[in-house]
Amino acid sequence: MHTVVLTKGVPDFREGQVSFDEDGHLERGKTPTVMNPNDKFALEAALQTRVRHGGSVSVMSMGPPGYKEVLQEAMETVYADDLYLVSDREMAAADTWATAITLSAGIENLDQMPDIVFAGFKTADGETGHTGPQTNWCLDMPLVTHVISLDIDEEERTLRAKRLVEGDIEEIETVEVSLPAFVVTDPEYVPSYRTAGERLTLKDLRAETQARAPDYEDHLTVWDHADINVDPDYIGLDGSPTIVSSVDPIPKAPAEREATMVDPSDTEGMTEVLEAMQSAAGGDASAAEGD
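Scoring rules and cut-offs
- Residues numbered from 1 in each chain as written.
- Predicted model: local features only at pLDDT ≥ 70, side-chain atom pairs only at ≥ 80, totals over all residues.
- Heavy atoms only, no water.
- Helix = DSSP H or I, 4+ residues; strand = E, 2+ residues; numbered from the N terminus.
- Buried < 20%, exposed > 50% of the residue type's maximum accessible area, 1.4 Å probe, protein only.
- Contact = heavy atoms within 4.5 Å.
- Areas by Shrake-Rupley, 256 points an atom, 1.4 Å probe, with all protein chains shown as cover.
- Salt bridge = Lys/Arg side-chain N within 4 Å of Asp/Glu carboxyl O.
- Core = buried A, V, L, I, M, F, W, Y, C linked by side-chain atoms within 4.5 Å.
- Expected span 1.5 Å × (residues − 1).
- Arc of directions from axis to C-beta.
- Pairing = 2+ DSSP bridges.
- Right-handed = clockwise from strand over helix to strand, strands pointing away.
- Axes fitted to C-alpha atoms, helices over the stretch in contact; angles between N-to-C directions.
- Parallel < 35°, antiparallel > 145°, perpendicular 65-115°, else oblique.
- Left-handed = near helix turned anticlockwise from the far one by under 90°.
- Nonpolar A, V, L, I, M, F, W, Y, C, P; charged D, E, K, R; others polar.

Trainee: Would you mind going over the overall build of the protein with me for this structure?
Mentor: Scanning the protein for helices and strands turns up 7 helices and 11 strands. When burial is assessed residue by residue, the protein has 42% of its 291 residues classed as buried. A sequence separation of at least 24 residues applies to 72% of the contacts in the protein between residues at least 6 apart. For the protein, the exposed surface amounts to about 16100 Å²; the carbon and sulfur share of it is 46%.

The structure is reproduced here in structure tokens:
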């Protein structure tokens, strides 16, 4: 069972240093970058598939050379057998549509088409949730979104998934599609390992991926636009119909916060703290004092 997981680097907002050029485009090469948090759930789903059905997990991203470290993070923190980076100046400033065209071409350039392509729900920077479904549109696979659990029948070549209905955690439906398929995991996705054998396999695979992560470049393939046979007019900025009218800078959190120190033995001071906490919680301070 061969699976591909799409991941992306996003600004590390903890650093508070997000750089934009004069046209409002994010300068990813000058911005501290980490793996998109929602992609971890897609990786977990691929790892679960690997544990239960064998095969391999490939992780793919489109971005600048610095995204190699994002792929290394995916390999080390969750799992990957091999890594693919589609990187080229022609791909710069791509919107979700141009990114989808590029990623789908990358997937089609693999030695074999995957049984399942996994993608995260949305990214922490754009938050459109478009790239996964648009990539699937290019690949023309059955698409299942908001997936919170899944099972695969290898003999029947089907995937059965539980998914949230319009993001409502109270309403869940079960759907079944044929393989190959495209799965967008929801942040509510929870991997399941039912037997002792599966849990032992998981432990072994986690040890293997962590052992190879320091030498991740031995498992990395880098392609440019010529390698995946895409026309530069359809990728990057030239192939992006989206127009960004303006960008608001992300403010850096203050390094220090004002605080009032209260000694626990100060009855009056502690009463004020209690009243403030009760007010914020919508409670009644006098009632709390009487309990």
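Trainee: I tried to follow the pattern of salt bridges on my own but got confused; where do I start?
Mentor: Any two side chains of opposite charge can pair, on the condition that their charged atoms come close. With the rule as written, the count across this model stands at 9 salt bridges. Here Arg212 makes a salt bridge to Asp81, at a shortest N to O gap of 3.4 Å. In this pair, Arg212 is assigned in helix α5 (residues 196–212) and Asp81 in the loop between α2 (67–77) and β5 (82–86), connecting sequence segments 131 residues apart. Arg212 gets classed as buried once you look at its relative accessible area, which sits at 16%. Where Glu173 meets Arg163, a salt bridge forms, and the shortest distance between an N and an O atom there is 2.7 Å. Taken as a pair, Glu173 in strand β9 (residues 168–178) and Arg163 in strand β8 (residues 158–165) lie far apart in primary sequence, 10 residues in all.

Trainee: Looking at this model, I keep getting lost on the nonpolar core. Mind explaining?
Mentor: Soluble, globular proteins show a tendency: their nonpolar side chains are buried together. Ranked by size, the top nonpolar core spans 40 residues in total, and within it Val5, Leu47, Val59, Leu83, Phe118, Leu150 and Leu159 carry the most contacts. A per-element tally of this core places helix α1 (residues 39–53) first, with 6 residues. Once you skip the residues sitting within four places of it in the chain, Leu47 turns out to touch Val78, Tyr79, Tyr193, Leu202, Leu205 and Arg206. Membership of the second largest hydrophobic core comes to 22 residues, among which are Tyr84, Leu110, Ala119 and Met141.

Trainee: Would you take a moment to explain α5 for this structure?
Mentor: For the α-helix, the turn length of 3.6 residues means that residues three or four positions removed from each other point alike. Taking 1.5 Å per residue as the helical rise, α5 with its 17 residues ought to reach 24 Å, and the 25 Å between its terminal C-alpha atoms agrees with that figure. Listing the buried residues of α5 in full gives Glu198, Leu202, Leu205, Thr209 and Arg212. Within α5, the buried residues cover an arc of 105° as seen down the axis, which keeps them to one side. Of the exposed residues in α5, those oriented more than 90 degrees away from the buried face are Leu200, Lys203 and Ala211. In this fold, the buried residues of α5 make contact with α1 and α2.

Trainee: Which parts of the structure should I look at to understand the environment of Asp227?
Mentor: On the secondary structure map, Asp227 appears in the loop between β11 (220–223) and α6 (267–281). Through-space distance from the C-alpha of Asp227 to that of Val86 is 9.0 Å; in sequence the pair is 141 residues apart. Not counting the four nearest positions on each side in its chain, Asp227 is found in contact with Asn109 and Val222.

Trainee: How should I be thinking about the pairing of strand β4 (residues 56–62) in this particular structure?
Mentor: Summarising burial for β4: 6 of the 7 residues are buried, a large majority. The pairing of strand β1 (residues 2–6) with β4 spans 5 bridges and is parallel. Of the residues in β4, the one forming a bridge with Val5 is Val59. Chirality of the crossover, the property in question, places the unit of β4, α2 and β5 among those that are right-handed.

Trainee: Looking at this structure, how should I read the packing of α1 against α5?
Mentor: Two quantities define a packed helix pair, namely the angle between the axes and the distance from one axis to the other. Direction vectors running N to C along α1 and α5 enclose 120°, while the axes themselves pass 9 Å from each other. The pairing of α1 with α5 is recorded here as oblique in orientation. When you trace α1 past α5, the crossing you get is right-handed. Where α1 abuts α5, its residues Leu47, Arg50, Val51 and Arg52 lie against Glu198, Thr201, Leu202, Leu205 and Arg206. In the contact of α1 with α5, the residues fall into 4 nonpolar, 1 polar and 4 charged.

Trainee: What should I look at first to understand helix α3 (residues 96–108) in this one?
Mentor: Over its 13 residues, α3 runs 18 Å from end to end, which matches the ideal 18 Å to within 8%, given 1.5 Å per residue. A large share of α3 lies buried, amounting to 11 of its 13 residues. Within the sequence span of α3, burial applies to Thr96, Ala98, Thr99, Ala100, Ile101, Thr102, Leu103, Ser104, Ala105, Gly106 and Ile107. Those residues of α3 that are buried lie in contact with β1, β4, β5, β6 (116–119), α4 (131–139) and β11.

Trainee: Looking at this model, I keep getting lost on the packing of α2 against α5. Mind explaining?
Mentor: Contact pair α2 / α5: the axes reach a minimum separation of 7 Å and the direction vectors enclose 150°. On the basis of their axis angle, the class for α2 and α5 is roughly antiparallel. Between α2 and α5, the contacting residues are Met75, Glu76 and Thr77 on the first element and Arg206, Thr209, Gln210 and Arg212 on the second. Considering only residue class, the contact of α2 with α5 consists of 1 nonpolar, 3 polar and 3 charged.

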